[in-house]
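Understanding the architecture of this molecule
These are the residues of each chain, in order.
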Amino acid sequence: MKLPADGFKTENNSDVTFKQASGTQYIVVDCGGGTIDITVHEVLEGGALKELHKASGNDLGGQTVDNKFKEFLREIFSDSLWDAYEKEQPGELQKLMYDISVLKENDDDVEISCPYNLGEMANKKQKMEKFFESVRGVSWNQGSIKILKEKVRSFYADSLNGITKSLKEILKKDFTIKYILLVGGYAQSLILRQHITNQFGGQCKVLCPSHPQEAIMKGAVMFGRNPALVASRISAFTYGVSLSLRFDASKHRADKKYTNKEGEWCDGIFCVLVKENEEVGWDKTSEYSCTPIERDQTAITFAFYRTERNIQGLMYVDEWGVEKIGSIILESPDTARGMNREIKLQIKFGATEMTATAIDVDSGSTVKTELDFMAKSMRSIRNNVWQK
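Residues numbered from 1 in each chain as written. Predicted model: local features only at pLDDT ≥ 70, side-chain atom pairs only at ≥ 80, totals over all residues. Heavy atoms only, no water.

Let us look at the overall build of the protein chain. Counting its regular elements, the protein chain contains 9 helices and 21 strands. Computed over C-alpha atoms, the radius of gyration of the protein chain comes to 27 Å, more than 25% over the 21 Å expected from 2.2 N^0.38 for 388 residues, which places it beyond the range of a compact globule. Dimensions along the principal axes, computed over C-alpha positions, put the protein chain at roughly 85 × 55 × 35 Å. Counting the 388 residues in the protein chain, one finds 45% classified as buried. By sequence separation, contacts in the protein chain at least 24 residues apart represent 70% of the contacts at least 6 residues apart. When the accessible surface of the protein chain is totalled, it reaches about 19,900 Å², and 47% of it is carbon and sulfur. Positive and negative charge centroids in the protein chain, built from 51 and 55 side chains respectively, lie 2 Å apart. (Helix = DSSP H or I, 4+ residues; strand = E, 2+ residues; numbered from the N terminus. Rg over C-alpha atoms; globule rule 2.2 N^0.38 Å. Buried < 20%, exposed > 50% of the residue type's maximum accessible area, 1.4 Å probe, protein only. Contact = heavy atoms within 4.5 Å. Areas by Shrake-Rupley, 256 points an atom, 1.4 Å probe, with all protein chains shown as cover. Lys, Arg positive; Asp, Glu negative; His and termini not counted. Charge placed at Lys NZ, Arg CZ, Asp CG, Glu CD.)

A few words now on the state of the cysteines. As enumerated under the stated definition, the model contains 0 disulfides in all. Of the cysteine sulfurs around Cys204, a residue in no disulfide, the closest is that of Cys31, at 14 Å. Given a relative accessible area of 5%, Cys204 falls into the buried group. The thiol of Cys271 is not disulfide-bonded; the next cysteine sulfur, from Cys290, is found 7.3 Å away. (Disulfide = S-S within 2.5 Å.)

A few words on the nonpolar core. Membership of the largest hydrophobic core comes to 52 residues, with the highest contact counts inside it found for Phe77 and Ile180. Those residues in contact with Phe77 that lie beyond four places of it in its chain are Trp82, Leu118, Ala122, Met128, Phe131, Phe132 and Ile145. (Core = buried A, V, L, I, M, F, W, Y, C linked by side-chain atoms within 4.5 Å.)

Turning next to helix 3 (residues 90–103). Between its first and last C-alpha, helix 3 extends 20 Å over 14 residues, near the 20 Å set by a 1.5 Å rise per residue. Considered for burial, the residues of helix 3 that qualify are Glu92, Leu93, Leu96, Met97 and Ile100. The buried residues of helix 3 all sit within an arc of 140 degrees when viewed along its axis, so they share a single face. What points out from helix 3, more than 90 degrees from its buried face, is the exposed set Gln94 and Tyr98. (Expected span 1.5 Å × (residues − 1). Arc of directions from axis to C-beta.)

Moving on: the side chain of Lys256. Tracing the sequence through the fold places Lys256 in the loop between strand 11 (238–246) and strand 12 (257–260). Judged by relative accessible area, Lys256 falls into the buried class, the value being 9%. There is a polar contact of 3.2 Å between the side chain of Lys256 and the side chain of Asp318. Contacts of Lys256, omitting those with residues within four sequence positions, involve Trp265, Cys266, Asp267, Gly268, Tyr316 and Asp318. (Polar contact = N/O pair within 3.5 Å; in protein donor to acceptor, adjacent residues only side chain to side chain.)

Before going further, it helps to spend a moment on unusual backbone geometry. At Gln142, a position not held by glycine, the phi torsion is positive, near 50 degrees. Examined against the element boundaries, Gln142 turns out to sit in the loop between strand 6 (138–141) and strand 7 (144–147). Positioned with a positive phi, Asn277 is a non-glycine residue whose angle comes to about 70 degrees. Secondary-structure assignment places Asn277 in the loop between strand 13 (263–274) and strand 14 (279–281).

The structure is reproduced here in C-alpha cells:
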C-alpha cells in the first residue's frame, strides 16, 4: 500500500495502481522458503487493515522446489555417490543449492555448472556422459548440467498445487477479493507468478512488488513503528489458561482430583481466553478474576495453552491437540485475606505476540510475559489458582 504507483507489475509488465479505498479486500500470499503463509485483509476507513481470515498456508515454500532439484541430481548420480558428496563437500553443495535458488527466477531451460568435486567423484565411477543416458529431461553439456524447461516445471508441481488449493478454499468464502498480492523471496519465481495468474487472473488481479522480498522487511518495520496499521486479527488458535475448580465427581475425571487443606479440587481445567477464528483488536485487553486455592499461598502459577481442535467437549489441558506455550509465577506475599484475595489476569491480544499480565491486587505484585507461540509442547504442571 505504501509503494509508489509503479511498485507493482502484472505478468504483462503493465503498471497497476493498488486501490486503497475503504472496503477493498485482498489476499496476501507470503511466499517464503519454508512456508506459504496466506491471509485476507480489508482496508478500513483511514487506511488501517482488518484481517478477515486467519493466517493459513502450508510448508510447501521455495525450499520444496530446491529439494526437488536435489532429488533429481541424486537420481542422476546415484544414491551412493550423492551421499558421499553431501558428506565430503558440504560447502560446495551449499554453493550449488544457492545457484539453484537463483535459477528459480526464470522459466527456461536451466544450465548448472557442475561443481568441481562432484565432477571428480563422478568421473572416478564412470564417464560423465554415462550418468545422463538413462535419465529423461537432462543432458551433459561441456561441464554443465542442462535440465529442460518441462522438467524444471515439474519440480514446482507440489508447491503450486498446495498454493492453488489454499487460495481456492479462501475464494470460495463470502469475500469480495479484488487483488492477490504475492510477496516474499519465492515470489520472484516467474513460474510461480505465471501459475497464480493463469489460475486466478480471471477472478482478481494478481500483483507482485518489483522487490517482493524487500516488501516483507519494509512491512515489518512499518508495523513495528505503528501496530495500529493492522486494526484487528483473526485468531489462528483457541488459547486458554489452566485453572482449578472445586471437584465434582459427576463432571470431572477421577484422575484429575487432588486434595489440600481447603478441600477437593479438579486440576488442569482448560479455561478459554480466545477462540479460534475470533476477531481480536490489536490493542484489546481481556481481564479475568481468580483467587488462590490455599489461604496461606504466596505464589500463583498460570500456564497457557493453545489448540486447533474443536473445543466442544474439551475440558482439560492434557487432552490431545493441546500444547503448552508458556507460564508465569506471580508472587502474592500478603495473605491476610486468605482465599478472598483477588488475582487479576490480563491478556492482550491482536499483536504478533500475546501478552499475559498477572496482578495481585492486595500487594500490587505484577508479572508479565510475552507468550512464545513457537515453543514445543511441555508437560503440564499443576496450577494453584482457581477462577471465581
